[in-house]
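A structural walkthrough
Spelled out from the first residue to the last, the chains are:
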Amino acid sequence: MPRPLGLRCRECGAEYELQATHVCEACFGPLDVVYDYDAIRRVISRARVESGPPSMWRWRDLLPLEDDAAVVSLGEGFTPLVRAERLGAALGLSNLWLKNDTMNPTNSFKDRVVSVAVSWARAHGFETMGCASTGNLANSLAAYSARAGLDSYVFMPDDIESSKVVATSVFEPNVVAVHGNYDEVNRLCSQLVDEHPWAFCNINVRPFYAEGSKTLTFETVEQLGWRMPDEIVIPIGSGCQFVRHRRAATELLELGLVDGDMPRLTGAQALGCAPVYRAWQAGSAQVAPVRPDTIARSIAIGNPSDGVYVMRIAEETGGTIEAVSEEEIVEAIRLLARTEGIFAETAAGVTIGVLAKLARAGRWRGDELIVAYVTGHGLKTANVVDQPSGRRVEIDPTLRSFRERVLA
Ligand SMILES: *Cc1c(COP(=O)(O)O)cnc(C)c1O
Ligand SMILES: [Zn+2]
């Protein structure tokens, strides 16, 4: 089986051995995993992928583990890709698809990245995992650490949704509630990583962690019958996954697993935390940090580490970046539920809200193959839709009461 070769700086190209580090010593650029694509090309095929496990690990050849036995899995990935006929009809889109990542083991896209991070860390002798989180990452890391028999420290802002805290605490990690926002929590963790021999998902093991995101795009292409979408709508938090989706599409094209063109990659933010959208609007090459204030907590990152790369990729692929208001987020959650039977969290409300906004603004002819990534489950943020929207009637347990009150 092909093995990853090392790490390489995205900015200056400096190369490093495989190790727990994420910034270039020469220029402070981010480090990415380097693969031996010739070796991968010799073994990978559609048939090999299709005969793999019904999880994201069917893409094992393009994930950065040296040893197969090391995989820590709860069955993440290979989530449903569903054709959205009713939502599509509401938006004038005849070829719309939803990748339903609410169906992951801890109900968010984060299980993909965490499965890789925990597998890599355990195989390299780490005994303790850590993360700075807006909720979903903590939830996932706590579960996978339990599964792997590792200790974990999860650092979260102290005002995270209680549903996410409950779903995390049950795995008995060390929960550290920090009086501060995500960016402050992240800064604290960056200091801790120098003092403790821990594997922090989004810090020292980030190059490996990030690679797990690619499987969302790999699976989408496979589930479309080995076709590239024309455009993908992706939520932007740190921008980490956005960057990986282009890498995934590039790998599929270069390895000859699919024909066609690079999809347009379009990013979605909440106006209450839209640093990348604002920079895009202003035509600025830099992303100025903002103070987050939005119900889309899981993507409320005011200083997104990959923001500049997101803009570059949106531009180069012909995508765009759009943002929606708090009301539009809630309306999009309801629209998705009402038309497709999928209950998604606020981050997905942002994605579907942006999809709807762009469709109504006439971005598409209508027959393009568009995929939206629905990245987290609605029960994680159920509080935002606790005012019932459907019809509810109370009756006595009699036929008469039913006829009078329900049918009347
Ligand atoms: C983390 C997260 C995202 C954003 O991912 P990034 O890689 O940080 O951009 C989107 N949706 C959900 C539900 C998440 O938990
Ligand atoms: Zn460098």
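The present account deals with the structure reproduced in this document.

**Observations concerning the packing of helix α10 (residues 240–254) against helix α12 (residues 307–317)**
For any two helices packed against each other, the geometry is given by the interaxial angle and the distance between the axes. Between α10 and α12, the shortest axis-to-axis distance is 9 Å and the interhelical angle comes to 40 degrees. Overall, the two elements α10 and α12 adopt an arrangement that is oblique. Of the two elements, α10 crosses α12, and the hand of that crossing is left-handed. Contacts between α10 and α12 involve F242, V243 and R246 on the former and, on the latter, Y309, V310, I313, A314, E316 and T317. Here the residues of the contact of α10 with α12 are counted per class, giving six nonpolar, one polar and two charged.

**Here's the deal with the site of ligand 1**
Taken together, 16 residues form the shell around ligand 1, and within it K110, N136, G237, S238 and T375 come nearest. A distance of 2.9 Å separates an oxygen atom of ligand 1 from a polar side-chain atom of N136. Here an oxygen atom of ligand 1 sits 2.9 Å away from a polar atom, N or O, in the main chain of G239. For ligand 1, the accessible surface in isolation is 380 Å², of which the surrounding protein chains cover 96%. In terms of residue class, the shell around ligand 1 is built from six nonpolar, eight polar and two charged.

**A look at the environment of L379**
Inspection of the secondary structure assignment puts L379 in the loop between β13 (370–374) and α15 (399–407). What makes L379 exposed here is its relative accessible area of 58%. With 216 residues separating them in the primary sequence, L379 and S163 have C-alpha atoms 7.5 Å apart. If near-sequence neighbours (up to four positions away) are discounted, L379 is found in contact with S163 and F343.

**Things to note about the environment of H124**
Secondary-structure assignment places H124 in the loop between α4 (110–123) and β6 (128–132). Each C-alpha atom of the pair H124 and E66 lies 9.9 Å from the other, and the pair is 58 residues apart in sequence.

Here is what the cut-offs are and how they apply
- Residues numbered from 1 in each chain as written.
- Chains lettered and ligands numbered in written order.
- Predicted model: local features only at pLDDT ≥ 70, side-chain atom pairs only at ≥ 80, totals over all residues.
- Heavy atoms only, no water.
- Axes fitted to C-alpha atoms, helices over the stretch in contact; angles between N-to-C directions.
- Helix = DSSP H or I, 4+ residues; strand = E, 2+ residues; numbered from the N terminus.
- Parallel < 35°, antiparallel > 145°, perpendicular 65-115°, else oblique.
- Left-handed = near helix turned anticlockwise from the far one by under 90°.
- Contact = heavy atoms within 4.5 Å.
- Nonpolar A, V, L, I, M, F, W, Y, C, P; charged D, E, K, R; others polar.
- Near = heavy atom within 4 Å.
- Polar contact = N/O pair within 3.5 Å; in protein donor to acceptor, adjacent residues only side chain to side chain.
- Areas by Shrake-Rupley, 256 points an atom, 1.4 Å probe, with all protein chains shown as cover.
- Buried < 20%, exposed > 50% of the residue type's maximum accessible area, 1.4 Å probe, protein only.

These figures come from the coordinates and say nothing about function on their own.
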